[in-house]
There are 2 protein chains.
Amino acid sequence: MAVGNVPFPAMPRIEGVSLGSAMAGIKKADRRDLVVIELPETATMAGVFTLNAFCAAPVHVAKAHLGQCLEKHQAPRYWLINTGNANAGTGEQGMEDAKRCCAALADAAGVPVESVLPFSTGVIGEPLPMDKLLDGIPAAFSARHDHADAWEQAGEGILTTDTRPKGASIVVDIGDQQVTINGIAKGSGMIRPNMATMLGFVVTDARIEQPLLAQLLRETTDRSFNCITIDSDTSTNDACMLAATGEGAVVASQDEIAIFRNGLQRVMIELAQAIVRDGEGATKFVTLQVEGARSRQEALDVAFTVAHSPLVKTALYASDANWGRILAAVGRAPVEAFDVNRVVIELDEVRLVEQGGRAASYTEEAGSAVMAREEITIRIDLDRGGESATVWTTDLSHDYVSINADYRS
Amino acid sequence: MAVGNVPFPAMPRIEGVSLGSAMAGIKKADRRDLVVIELPETATMAGVFTLNAFCAAPVHVAKAHLGQCLEKHQAPRYWLINTGNANAGTGEQGMEDAKRCCAALADAAGVPVESVLPFSTGVIGEPLPMDKLLDGIPAAFSARHDHADAWEQAGEGILTTDTRPKGASIVVDIGDQQVTINGIAKGSGMIRPNMATMLGFVVTDARIEQPLLAQLLRETTDRSFNCITIDSDTSTNDACMLAATGEGAVVASQDEIAIFRNGLQRVMIELAQAIVRDGEGATKFVTLQVEGARSRQEALDVAFTVAHSPLVKTALYASDANWGRILAAVGRAPVEAFDVNRVVIELDEVRLVEQGGRAASYTEEAGSAVMAREEITIRIDLDRGGESATVWTTDLSHDYVSINADYRS
């Protein structure tokens, strides 16, 4: 299941960037499961990675290789992504396997091994099927191209339980030049990113110094991938990469940065929302908007408490206007000296809660009508400060249980 | 569904304590939904209540009435419990309704209104059907008795989505006297108590001063009801009450307190575990045992992170030894400077994880055999300190989603 119809957008070509994929048969036959993305030598690059302490071998290797390149004021040239196996919880063997994958692509491309960053997604705790990967890597490298469908093919090649590829693209004007930002992402379960989503890859043709690029990635991640949750489970393999090829307009002045940041934020939010819309078993796309908080963290705490509540999520699935569950979830959020009599809760245009109880204007008919919608905004005004936060999530359906009970079979 | 066969135990009579119930038709016809528990004038009493900021009207009233009695060095005489309606999120009207229920019982019993503590459980946000309650209260009062089945009938009268009544009883020797501790509890969903379970009522015939009784209740709650979770949702109506009738042995010396505390702890843990075994849709009873933590809070944080993980819970439901999900959940727990290479994870006698990855001795066959069991212990040794914690939880099944999607229909 997935919410709404979200076609893959047209993605403009970016000079110097080519993408290739292969069907390596890592977990299943006849599906793209290995992707190579090539970036030009002129690029700058930044990444954000999972904070899960059990982070996967490829995350360790990607961070190390990125660090080695940055020390030499260079950027890695290749992103190598496999699906079907996360290479997480695989100990020393996993580290060796991740490095061997990088070496195989580095050999084919004639670059040093640290120019390759590896990313893996799929089942945790099983060794990578190295024979399949070592066959597939040269094939994916040779297959790279920059035709109109290159990004969509790569978007397909990184999926696991996702039902559709996820892309976003925008063109913004920086001075008299046009800057393109293209991104793809994957993720459908184990989604409560903490620094980044399961996997996201964003490329622009702008020219941006590395420290600024890293700052922009952190800022926009905090208001996109770090604001979504499907099931509260943070993955071992989360990573989001941003590269600027440097072929196009310079982004350096305050004005240029502001324009670019807005464009990048839109791409990041579109990708993050696409992940939620394709959440495992999702039948609803839910926006949690918390206002009137004393701090952004307080607003986020309330939003995530409601977003993670299995009782709120099952009521959303049933289209049952059981708003008492929203009230109960707000009430257990970690808010100091919380005066619930000031709280207002609304579902779209229907007020549910005011003065500590059901709103005077509320009717079951109005509540049921709103709950029947496929896209719903739950607005919670704490009325105790000026800070706010927005978080996106899904419902909890029978299909979520089925997908995750049957995942390995 | 429910895990195992847990018959209601034989519960000895406690002098001065009688229990009555009625079928008031609050939500459904022909089921006990209203319970009165009478305590003698000699009793002392303590209670712990939900920390949910949106706590229900009866919780406010029960705390106030208990406080008024304690100020006069007395204890309330009656616990009045209704199921089918939580009287939460009901604002001022809810407060008035809760007080009117107390007044109705106080009238029938000829006691002051503050001698009655009200407790409600059921759907949130709907007004109490006062006509039914005002009819039922005198009926439940008149029906009270102290026969052998009195506790079981009361246990039935407080259920909501529970599939069976939950009781626990123990007799301990204090000096040359025998002390009885009887308890009943209810709860099946919205279970992640924060001070107490949905509803628990425990009575002993010991003689215990009120401050000591309150301390014993807090201590034993922290290692019983505060260590269970079904779906991470803390109720608006949680309360656990403990009364000591004072008819029997005095509990005052260190030795007497130690013996009594052990007995009380066993009753509380048995009730808490009974709630988990009857968790909504539960097919597994899972013990999370975290050792080697730097603090008890750290051990609890790790245990609850794993216990709340929808991915761990769906894998348990499927009896799928997808241990990578346990590893991923441990990895996202809020532990400072976490060295995952020291972590050991075991399922019953099967070691899953050591040195950052799959244990050398692990086989899929052994993992699958353990996961097929109905009762499973997940042991997590952090190897960084001497503190530990034990938490009990269930799996996440299709039935959990069905029960909660259909709850109001």
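Residues numbered from 1 in each chain as written. Chains lettered and ligands numbered in written order. Predicted model: local features only at pLDDT ≥ 70, side-chain atom pairs only at ≥ 80, totals over all residues. Heavy atoms only, no water.

S.K.: Would you take a moment to explain the relation of the copies chain B and chain A for this structure?
M.R.: For these two chain copies, the linking operation is a rotation about an axis paired with a shift along it. Rotating chain B by 180° and translating it 0.0 Å along the rotation axis places it on chain A, where the RMSD comes to 0.0 Å. Such a combination of rotation and displacement between the chain copies is what one expects of a two-fold axis. Within chain B, the C-alpha atom positioned nearest to the axis of rotation is that of B:His398, 2.8 Å from it. Of the residues that chain B buries at the interface, 98% are likewise interface residues in chain A, meaning the two copies contact each other through the same surface. (Least-squares fit on C-alpha atoms with pLDDT ≥ 70 in both. Contact = heavy atoms within 4.5 Å.)

S.K.: How should I be thinking about the domain arrangement of chain A in this particular structure?
M.R.: Put simply, an interface is often sized by how much accessible area is lost when its parts join up. All names here are of chain A. If you check the domain split of chain A, you get domain 1 (18-277) and domain 2 (285-405). The straight-line distance from the C-alpha centre of domain 1 to that of domain 2 is 33 Å. Along the contact surface separating domain 1 from domain 2 lie 1 salt bridge. The partner of Arg-277 in a salt bridge is Glu-375, and the shortest N-O contact between them spans 2.4 Å. (Domains from an automatic or database assignment. Salt bridge = Lys/Arg side-chain N within 4 Å of Asp/Glu carboxyl O.)

S.K.: Before we go on, may I ask you to explain the pattern of salt bridges in this structure?
M.R.: Pairing between side chains of opposite charge can happen when their charged atoms approach one another. Scanning the entire structure with this criterion turns up 38 salt bridges over all chains. For A:Arg373, the salt bridge is made with A:Glu349, and the minimal N-O distance between the two is 3.0 Å. Linking A:Arg373 in the loop between helix H10 (364-371) and strand S14 (375-381) with A:Glu349 in the loop between strand S11 (344-347) and strand S12 (350-354), this pair joins segments that are 24 residues apart in sequence. Where B:Arg379 meets B:Glu291, a salt bridge forms, and the shortest distance between an N and an O atom there is 2.6 Å. Placement of B:Arg379 in strand S14 (residues 375-381) and of B:Glu291 in strand S10 (residues 285-293) is noted, with a sequence separation of 88 residues between them. For B:Glu291, a relative accessible area of 22% corresponds to the partly exposed category. Within the structure, one salt-bridge network assembled from shared partners comprises A:Glu291, A:Glu346, A:Arg351, A:Glu354 and A:Arg379. (Helix = DSSP H or I, 4+ residues; strand = E, 2+ residues; numbered from the N terminus. Buried < 20%, exposed > 50% of the residue type's maximum accessible area, 1.4 Å probe, protein only.)

S.K.: Teacher, can you tell me more about the interface of chain B and chain A here?
M.R.: Each partner contributes residues to the interface: chain B has 53 residues there, and chain A has 52 residues. Counting each side, the surface lost to burial between chain B and chain A is near 4400 Å², with a carbon and sulfur contribution of 61%. The tally of links from chain B across to chain A stands at 2 salt bridges. As a salt-bridge pair, A:Asp233 and B:Arg332 come within 2.6 Å of each other at their nearest N and O atoms. Summed over the shared surface of chain B and chain A, the result is 19 residue pairs in polar contact (both at pLDDT 80 or more). Elements represented by at least two residues in the side of chain B that touches chain A include exactly helix H8 (310-317), helix H9 (324-332), strand S13 (357-358) and helix H11 (398-405) of chain B. With 7 residues, H9(B) is the single largest residue contributor to the side of chain B that touches chain A. Residue composition of the side of chain B that touches chain A, grouped by class: 24 nonpolar, 20 polar and 9 charged. (Buried area = accessible area lost by both parts, 1.4 Å probe. Polar contact = N/O pair within 3.5 Å; in protein donor to acceptor, adjacent residues only side chain to side chain. Nonpolar A, V, L, I, M, F, W, Y, C, P; charged D, E, K, R; others polar.)

S.K.: Quick question: what am I supposed to make of the sheet that holds strand S15 (residues 387-394) of chain A here?
M.R.: Two strands in a sheet stick together by hydrogen bonds in their backbones, pointing the same way (parallel) or opposite ways (antiparallel). Residue and element names in this part refer to chain A. Strand order in the open sheet made by the 6 strands is S13-S12-S11-S14-S10-S15, with mixed pairing throughout. Since the sheet does not close on itself, it has two edges, and those belong to strand S13 (357-358) and S15, each with one partner. Pairing of strand S10 (residues 285-293) with S14, which is carried by 7 bridges, proceeds in the parallel orientation. The partner of Val-286 across the bridge, within S14, is Ile-376. Each of S10, S14 and S15 is contacted by helix H6 (residues 254-277), which is oriented at about 40° to S15, the strand it contacts most. (Pairing = 2+ DSSP bridges. Axes fitted to C-alpha atoms, helices over the stretch in contact; angles between N-to-C directions.)

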